Amino acid sequence: MVIKNFHMVKKYYFIILPMGLIILFLAIFSFYYFFRNQKQQVCINSNCFNVEIARTEAERERGLMWRKSLAEDAGMFFIFEKEDFYPFWMKNTLIPLDIIWINVNNEIVYIAKNAPPCPENCKSYIPTEKAKYVLEINGGLSDKFGVKTLDKVSGSAILQLEH
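Residues numbered from 1 in each chain as written. Predicted model: local features only at pLDDT ≥ 70, side-chain atom pairs only at ≥ 80, totals over all residues. Heavy atoms only, no water.

Student: I keep staring at the sheet that holds strand β3 (residues 74–84) and nothing clicks. Help me out?
Tutor: Remark on secondary structure: sheet strands pair via backbone hydrogen bonds, oriented parallel or antiparallel. In spatial order, the strands read β6-β5-β8-β3-β2-β1-β9; together these 7 strands make up an open sheet with mixed pairing. Edge strands, defined here as strands with exactly one partner in the open sheet, are β6 (108–115) and β9 (153–154). Pairing between strand β5 (residues 97–102) and strand β8 (residues 131–138): 6 bridges, direction antiparallel. Paired with Ile102 across the strands is Tyr133, a residue of β8. (Pairing = 2+ DSSP bridges. Helix = DSSP H or I, 4+ residues; strand = E, 2+ residues; numbered from the N terminus.)

Dropping the structure here:
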């Protein structure tokens, strides 16, 4: 009886093994994709934004291009390897944005308010101080929520980076 079952397993080995490997690969990929694209929060004062994280150069270059809308409590959080002067522009961005530069101490160092959409010949917005992070939110929200330089930034996206 045992030998008969062994022959069945051996017979279907070339079907069972690849299927098992495919299932394992899909499970690993699903977990990676879920955690990689999980939205985090960035908070300024008592206002929190559910942000998409832009970690790679390609993600940072794409940013919020071609988005027709952005929820009021949403944004994009750009993470750079080191603190520096990172210029931003609005090329192919369809909605006005507030661009907020944040230093390694989690303090706002510069805000470009209500940067308008730009199809071509776009102006660069350059902070006056070095930053490690940049938060983009809907244009006008920094004024609406009283966001200003030296405000502290917190939230799960920041806490994740500190550990």
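That shown, we press on.
Student: Hey, could you run me through the nonpolar core in this one?
Tutor: Within soluble globular proteins, side chains that are nonpolar tend to cluster in buried spots. Phe78, Phe88, Met90, Ile99, Trp101, Tyr125 and Val134 are the most contacted members of the largest nonpolar core, which has 22 residues in total. Listing elements by their share of this core, those giving two or more residues are β3, β5, β6 and β8. Counting residues per element, this core draws most heavily on β3, which supplies 4 residues. Counting 19 residues, the second largest nonpolar core, distinct from the first, contains Ile102, Ile111, Tyr133 and Ile158. (Core = buried A, V, L, I, M, F, W, Y, C linked by side-chain atoms within 4.5 Å. Buried < 20%, exposed > 50% of the residue type's maximum accessible area, 1.4 Å probe, protein only.)

Student: Honestly, the state of the cysteines in this entry has me stumped. Any pointers?
Tutor: What we call a disulfide is simply a covalent bond connecting the sulfur atoms of a pair of cysteines. One pass over the full model with this rule turns up 2 disulfides. Here Cys43 pairs with Cys48 through a disulfide, and the sulfurs are 2.0 Å apart. Here Cys43 and Cys48 share a disulfide; its torsion about the S-S bond, 105°, makes the bridge right-handed. Taking the relative accessible area as the measure of exposure, Cys48 reaches 32% and is therefore partly exposed. A sulfur-sulfur distance of 2.1 Å marks the disulfide that ties Cys118 to Cys122. On the S-S bond that ties Cys118 to Cys122, the torsion sits near -105°, and the link is left-handed. (Disulfide = S-S within 2.5 Å.)

Student: Sorry, what's going on with unusual backbone geometry here?
Tutor: Unusually for a residue other than glycine, Asn45 sits at a positive phi of about 55°. Residue placement: Asn45 occurs in the loop between β1 (40–44) and β2 (47–54). In this structure, Asn92 takes a positive phi of about 60° despite not being glycine. With respect to the element layout, Asn92 can be found in the loop between β4 (88–89) and β5.

Student: Please clarify how the environment of Phe49 should be interpreted in this entry.
Tutor: As for its position among the elements, Phe49 is in strand β2. Sequence separation of Phe49 and Ala71 is 22 residues, and the distance between their C-alpha atoms is 9.3 Å. When residues no more than four places from it in sequence are discounted, the contact partners of Phe49 are Gln40, Gln41, Val42, Glu72, Asp73, Ala74, Leu135, Ile137, Leu141 and Phe145. (Contact = heavy atoms within 4.5 Å.)

Student: Honestly, a nonpolar patch on the surface in this entry has me stumped. Any pointers?
Tutor: Where nonpolar side chains cluster on the molecular surface, the patch consists of Ile15, Met19 and Ile22 and spans about 300 Å² of accessible area. Within the secondary structure, Met19 sits in helix α1 (residues 2–36). On the accessibility criterion, Met19 (47% relative accessible area) is partly exposed. (Patch = residues over 30% accessible without salt bridge, like charges linked within 9 Å, V, L, I, M, F, W, Y side chains within 5 Å. Areas by Shrake-Rupley, 256 points an atom, 1.4 Å probe, with all protein chains shown as cover. Salt bridge = Lys/Arg side-chain N within 4 Å of Asp/Glu carboxyl O.)

Student: Is there a simple way to think about the side chain of Glu136 in this case?
Tutor: Within the secondary structure layout, Glu136 lies in strand β8. Sequence-distant contacts of Glu136, that is, excluding residues within four places in its chain, are made with Leu64, Ala74, Gly75, Met76, Phe78, Phe88, Leu97, Asp98 and Ile99.

Student: I tried to follow the environment of Arg60 on my own but got confused; where do I start?
Tutor: Looking at the element boundaries, Arg60 is found in helix α2 (residues 57–62). Residues Arg60 and Phe77 lie 17 residues apart in sequence; the distance between their C-alpha atoms is 9.1 Å. The contact partners of Arg60, leaving out residues within four places of it in the chain, are Ala54, Arg55, Phe78, Ile79, Phe80 and Glu81.

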